[in-house]
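# Architecture and fold: a report
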Amino acid sequence: MRLSRFFLPVLKETPSDAQIVSHQLMLRAGMIKQNGAGIYSWLPLGLRVLRKIEKIVREEQNRAGAIEVLMPTIQPAELWQESGRYDAYGKEMLRIQDRHDREMLYGPTNEEMITDLFRSYVRSYKQMPLNLYHIQWKFRDEIRPRFGVMRGREFLMKDAYSFDIDEESARKSYYKMFCAYLNTFSRLGLKAIPMRADTGPIGGDLSHEFIILAETGESAVFCDADLVNMAAPGPELDFESDLLPEVEKRTQYYAATEEMHDEARFLSEVPEERRLSARGIEVGHIFYFGDKYSKAMKAVVNGPDGKEVAVQMGSYGIGVSRLVGGIIEACHDEKGVIWPKEIAPFDCAVVNLRAGDDDCDAACEQAYERLINAGFDPLYDDTDDRPGAKLSKLELIGIPSAIVIGPRGLKNGVVELRNRKTGATEEISLDAALNKLTAGV
RNA sequence: CGGGGCGUGGCGCAGUCUGGUAGCGCAUCUGUUUUGGGAACAGAGGGUCGUUGGUUCGAAUCCAGCCGCCCCGACCA
């Protein structure tokens, strides 16, 4: 993409409305535009990141055996009246009426709708286990939206729902998502820590929040430092194998948000040098809730013994749009964003320090084309801004690496290869720079 | 929903206390000179001061209502 033809409205000054760094940087880097309290338009740069996160989430869900569907944003109220949540949900649910005065709502979540989908078609235990997910916009009319896309009212969420014939099988479904989440967040360049979460009236040990550490995190978290640096299972993981060991490897460590924190246990279970108390952002939440909805909504199947049983369900959420902000909170410096490679809006950049100069133009065009031919998605800054302005903008939007080409270097047969994260620069030939970039160095 | 704050060219702000018809920086447009860390000079355009009503000879400024946004709290992917 040529910057001269792209739409990238960056701001030099920090908008006064934004309080936390991710919100400020998203506005400054031209990723989003606010349309109302907690409601945002996604501009081209932001949308690229959102789509990349979505893609990784989708790939890892598929790998774990979940199957994608797409349910609507607008739901009829009847389903929620059936589950009893129409009254229970309160003002966070945006209720609307259509032209026939039918009661509708903008979905804050989809348990009812997925349960209805399931019961419409599934009759036998042989069609299970089943895990259906979708990635869709939700709306929760929060009393006070804040922190940009981290706590918007409208947000993009991946929500998966598992259906099993009994609790044993449901546990296996839960472990699959547990591991899928570890792999997902790892690919996103994050260290996400699974923390025991409140299971409410269902009880049991099957609810975890996935937390990333950030100074601006909303809640205090306490955990064993050894857990934070544990690697994810990785793409070789066989999801049909017994995943309990992978889960237990992590759940054996102490890790809790402030609501679940038990100071006495923390002190006794975690050696002093490994005690980590920090702040965290919740980016995922998985939950086993048994037959809460299947019973209320009569989602029943015939078991092997011919008897009807209400299915066992779990739900698994990832805040896709929230992750954009969350990742920035975890990945930035005073100059701007530092995108992890997999989700950067562009793989790399080519910067022409003297647009209009024949040698610079030619070298840049060559670099740009070769990167495209090598399968990369580069941003080419072909504008006639001053060098300082270009480099600052590049640092603000956080492209991982860049080839900077100027007349001075070309005279000596070199260009500059820059790494956004390390700040390292090296002066080498254009060929060498391209080789390094395309080799993923 | 309780408490606090804000609303003035695209962005960031001053002006409001003490009423006299709007200003600064950045950005934008034109031209010239520039060009390895947010260029300089010259010129230009752009605001019925959130909105409605009131007070006044006169309102960005005083008064009242409404709308919107932000912050703190309870709440949350």
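Residues numbered from 1 in each chain as written. Chains lettered and ligands numbered in written order. Predicted model: local features only at pLDDT ≥ 70, side-chain atom pairs only at ≥ 80, totals over all residues. Heavy atoms only, no water.

## Section: empty space enclosed by the protein
- Counting across every chain of the model gives 2 cavities of 30 Å³ or more.
- In this structure, the largest cavity encloses a volume near 60 Å³.
- Every residue lining the largest cavity is listed: Tyr40, Trp42, Trp137, Val149, Glu154, Phe155 and Ser321.
- Quantified by volume, the second largest cavity comes out at close to 50 Å³.
- Along its surface, the second largest cavity is lined by Leu3, Ala349, Val351, Leu379, Asp381, Lys390, Lys393, Leu394 and Ile397.
- Ranked by residues supplied to the lining of the second largest cavity, first place goes to helix 13 (residues 387-397) with 4 residues.
- Tallied by class, the residues present in the lining of the second largest cavity amount to 6 nonpolar, no polar and 3 charged. (1 Å grid on protein atoms, 1.4 Å probe; cavity = no way out; pocket = protein on both sides within 12 Å on 5 of 7 lines; lining within 4 Å. Points joined across faces, edges and corners; volume = space filled by probe spheres on them. Helix = DSSP H or I, 4+ residues; strand = E, 2+ residues; numbered from the N terminus. Nonpolar A, V, L, I, M, F, W, Y, C, P; charged D, E, K, R; others polar.)

## Some remarks on the protein's contact with RNA strand B
- By nearness alone, 39 residues border RNA strand B, and Arg144, Glu282, Glu395, Arg408 and Arg418 come closest of all.
- In RNA strand B, atoms within 4 Å of the protein come from the sugar-phosphate backbone in 47% of cases.
- Here a base nitrogen of RNA strand B sits 3.4 Å away from a polar atom, N or O, in the main chain of Ala389.
- Note that a base nitrogen of RNA strand B is positioned 2.5 Å from one of the side-chain N or O atoms of Glu395.
- If you list the elements that add at least two residues to the surface near RNA strand B, you get strand 1 (32-36), strand 13 (275-290), helix 13, helix 14 (407-411) and strand 22 (415-419).
- The biggest single contributor to the surface near RNA strand B is helix 13, with 6 residues.
- Grouping the amino acids of the surface near RNA strand B by side-chain chemistry returns 9 nonpolar, 11 polar and 19 charged. (Near = heavy atom within 4 Å. Polar contact = N/O pair within 3.5 Å; in protein donor to acceptor, adjacent residues only side chain to side chain.)

## Concerning helix 13
- Along helix 13, the residues that are buried comprise Lys390, Leu391, Leu394, Glu395, Leu396 and Ile397.
- Backbone geometry just downstream of helix 13 places Gly398 in the positive-phi region, at approximately 75°. (Buried < 20%, exposed > 50% of the residue type's maximum accessible area, 1.4 Å probe, protein only.)

## Focus: the domain arrangement of chain A
- Domain parsing of chain A yields domain 1 (3-337) and domain 2 (346-438).
- The distance between the C-alpha centroids of domain 1 and domain 2 comes to 38 Å.
- Contact with domain 1, which involves 16 residues of that partner, is made by 14 residues of domain 2.
- In total, domain 1 and domain 2 occlude about 1,300 Å² of area from one another, counting both sides; carbon and sulfur atoms represent 60% of this.
- The residue Lys52 makes a salt bridge to Asp347 at a minimum N-O spacing of 3.8 Å.
- At the boundary of domain 1 with domain 2, the tally comes to 7 residue pairs in polar contact (both at pLDDT 80 or more).
- Taken together, the elements giving at least two residues each to the side of domain 1 that touches domain 2 come down to helix 1 (21-28), helix 2 (44-63) and strand 18 (336-337).
- With 3 residues, the top contributor of residues to the side of domain 1 that touches domain 2 is helix 2.
- Grouping the amino acids of the side of domain 1 that touches domain 2 by side-chain chemistry returns 9 nonpolar, 2 polar and 5 charged. (Domains from an automatic or database assignment. Contact = heavy atoms within 4.5 Å. Buried area = accessible area lost by both parts, 1.4 Å probe. Salt bridge = Lys/Arg side-chain N within 4 Å of Asp/Glu carboxyl O.)

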